[in-house]
Amino acid sequence: MRLDKFLKVSRLIKRRTLAKEVADQGRITVNDQEAKASTKLKENDVLTIKFGTKEVTVKINALQETAKKEEASSLYTIVKEEYTSERK
């Protein structure tokens with residue numbers, strides 16, 4: 001599954017176009033490699049997403065084409081969530 005689609009389905013980022021923009025700005029890594037929106041994901045991949053002063057690291061549990069709001073958070077596990085003082 002593509003990175004931008006997973007971010008939308010899992011509701012880590014609300015819109016796919018926004019997920020694409022964030023990836024194109026180099027603010028997402030997959031297994032410590034900078035990722036593009038078209039990067040293919042697999043289960044157990046580790047994503048790190050930079051949201052302004054917040055950095056979230058998640059591990060992918062499952063990949064689904066669609067997910068209801070209640071089950072979206074089961075697609076990933078938050079490994080680390082931290083605030084950084086610098087903005088990029």
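Residues numbered from 1 in each chain as written. Predicted model: local features only at pLDDT ≥ 70, side-chain atom pairs only at ≥ 80, totals over all residues. Heavy atoms only, no water.

**So, the overall build of the protein**
Of the regular secondary structure elements, the protein holds three helices and five strands. Scanning the protein from its N terminus toward the C terminus, one meets helices and strands in the order α-α-β-β-β-β-α-β. Against the globule reference of 12 Å for 88 residues, the protein gives a C-alpha radius of gyration of 12 Å, in line with a compact fold. Reported as C-alpha extents along the three principal axes, the dimensions of the protein are approximately 35 × 25 × 20 Å. Residue burial in the protein is summarised as follows: out of 88 residues, 35% are buried. Long-range pairs, those at least 24 residues apart, make up 42% of the contacts in the protein between residues at least 6 apart in sequence. (Helix = DSSP H or I, 4+ residues; strand = E, 2+ residues; numbered from the N terminus. Rg over C-alpha atoms; globule rule 2.2 N^0.38 Å. Buried < 20%, exposed > 50% of the residue type's maximum accessible area, 1.4 Å probe, protein only. Contact = heavy atoms within 4.5 Å.)

**Details of the nonpolar core**
For soluble globular proteins, nonpolar side chains are generally found buried alongside one another. In this structure, Leu3, Phe6, Leu7, Leu12, Ile28, Leu41 and Leu47 are the most contacted members of the largest nonpolar core, which totals 23 residues. At the level of secondary structure, the elements contributing two or more residues to this core comprise helix H1 (3-9), helix H2 (16-24), strand S1 (28-30), strand S3 (46-51) and strand S4 (54-60). The leading source of residues in this core is H1, at four residues. (Core = buried A, V, L, I, M, F, W, Y, C linked by side-chain atoms within 4.5 Å.)

**A look at the confidence of the model for the protein**
Here the protein averages 92 in pLDDT, and 97% of its residues register 70 or above. By mean pLDDT, the top-scoring element of the protein is S1 (96), and the lowest-scoring one is helix H3 (residues 69-72) (92). (pLDDT = per-residue confidence, 0-100.)

**A short note on unusual backbone geometry**
Outside of glycine, negative phi angles account for most residues, and trans bonds account for most peptide bonds. You will see that arginine 11, though not glycine, has its phi angle at about 65°, which is positive. Position of arginine 11 relative to the elements: it lies in the loop between H1 and H2. Since its relative accessible area comes to 42%, arginine 11 is described here as partly exposed. Phi angles above zero are rare outside glycine, and aspartate 32 is one such case at about 65°.

**Here we look at the environment of lysine 68**
Mapping lysine 68 onto the fold places it in the loop between S4 and H3. Classification of lysine 68 as exposed rests on a relative accessible area of 57%. In this structure the C-alpha to C-alpha distance between lysine 68 and serine 10, which are 58 residues apart in sequence, comes to 9.1 Å.

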